[in-house]
Amino acid sequence: MSVTLGQLIQFMEHRYPPATAESWDRVGLVVGNRSQPISRVLLAVDPVPEVVAEARGYDLLLTHHPLYLRGTSFLSEDEAKGRMVTDLIRRGTALYCAHTNGDANAGGVADALADLLGLTGTEPLIPESGLGRIGTVPAQTVREFAHLVVERLPAGPTGLLVGGDLDAVISRVAVSGGSGDSFLEAARAAGAEVYVTADLRHHPASEHLINGGPALICGSHWATEWPWLPRLQAQLRAEFADSLQVDVSAQVTEPWALHLPTKGPTR
């Protein structure tokens, strides 16, 4: 039984309604015709040139991040995004994204990260939007939990940063995949003892810790969001059975290629 792009979009928008995306976000169909038949789908975090190249031979590239978050007036091949759009159209590959609506809803990015790290009894960290999760893990030190996070997040070039009292015993954990320093106060207010997220900036993290906030575990943006992709793959396979081949891109699409500890003197 053939599947159309429109049928897959209908499934995605039932499970991850676009209306639940943040007001600043841009989600949905970027390139493609809803009536076109599809049989091969590639899932990825970022719509970047290497992923677009990987999607050659696929009917749909479904990404977490939007291609154009702030809009554009030009699509020429003079710049990378114009070249990507042109390439996708020429070979008939559709592009669809589910961003903050993919973060917030059940079975999405937040649930995938919480489950990966063993949280139980989870609930939204930000109840009004459904973003983030907070739950419980067996009692352990911050150091021990950080080592668990290192073992379970997908490998990437940037590793993990940990702040706070490493020997404090914790059991209440908040998580938010992707950039999460806007939720620092929410993690504190929810009673988290450690908060796992990405892209933490120096001053917000420092002020949070010196004011007694929960310990911080800062992974990379890509690594904290990628765990959703195998879960989405299973959801699509369950819905469309043998009608779709659904693959997950294993490319690490961090902007960074190498992490080197600095060794110079401090005085």
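Residues numbered from 1 in each chain as written. Predicted model: local features only at pLDDT ≥ 70, side-chain atom pairs only at ≥ 80, totals over all residues. Heavy atoms only, no water.

**Observations regarding helix α3 (residues 80–90)**
Here comes step 1: For α3, every residue scored as buried is listed here: G82, M84, V85, T86 and L88.
Here comes step 2: Lining the buried residues of α3 we find β2 (28–31), α2 (49–54) and β6 (94–97).
Here comes step 3: The opening residue of α3, the one whose side-chain oxygen lies 3.0 Å from the backbone nitrogen of K81, is E79.
Here comes step 4: Downstream of α3 by a residue or two, G92 has a phi angle that is positive, lying close to 75°. (Buried < 20%, exposed > 50% of the residue type's maximum accessible area, 1.4 Å probe, protein only. Helix = DSSP H or I, 4+ residues; strand = E, 2+ residues; numbered from the N terminus. Contact = heavy atoms within 4.5 Å. Polar contact = N/O pair within 3.5 Å; in protein donor to acceptor, adjacent residues only side chain to side chain.)

**What to know about unusual backbone geometry**
Here comes step 1: Despite not being glycine, D199 shows a phi value in the positive range, around 60°.
Here comes step 2: With respect to the secondary-structure elements, D199 resides in the loop between β11 (194–198) and α8 (202–210).
Here comes step 3: With relative accessibility at 35%, the residue D199 sits in the partly exposed group.
Here comes step 4: With phi around 50°, A241 is a residue other than glycine that occupies positive phi space.
Here comes step 5: With respect to the secondary-structure elements, A241 resides in the loop between α10 (228–240) and β13 (245–248).
Here comes step 6: Take A241: its relative accessible area is 48%, and that puts it in the partly exposed class.

**A few points about the packing of aromatic side chains**
Here comes step 1: Applying the stated rule across the entire model yields 3 aromatic pairs.
Here comes step 2: Residues F11 and F240 carry aromatic rings whose centres are separated by 5.9 Å and whose planes lie at 75° to one another, so their mutual orientation is edge-to-face. With F11 in helix α1 (residues 5–15) and F240 in helix α10, this residue pair connects regions lying 229 residues apart in the sequence. Per residue, the accessibility class of F11 equals that of F240, and both read buried.
Here comes step 3: Ring geometry for Y16 versus W228: centroids 5.5 Å apart, planes at 85°, classification edge-to-face. Pair noted here: Y16 is in the loop between α1 and β2 and W228 is in helix α10, with a separation of 212 residues, a long-range link. (Phe/Tyr/Trp six-rings, centres within 6.5 Å; stacked < 30°, edge-to-face > 60°.)

**Observations regarding the sheet that holds strand β12 (residues 215–219)**
Here comes step 1: Read across the sheet, 6 strands follow the order β7-β8-β10-β11-β12-β9 without closing on themselves; strand pairing throughout is mixed. With one partner strand each, in any of the chains shown, β7 (120–126) and β9 (161–163) form the two edges of the open sheet. For this sheet, the mean inter-axis angle between neighbouring strands, taken without regard to orientation, is 25°.
Here comes step 2: Where β9 lies against β12, 3 bridges are found, and the strand directions are antiparallel. Residue pairing for β12: G163 is matched across the bridge by L216. (Pairing = 2+ DSSP bridges. Axes fitted to C-alpha atoms, helices over the stretch in contact; angles between N-to-C directions.)

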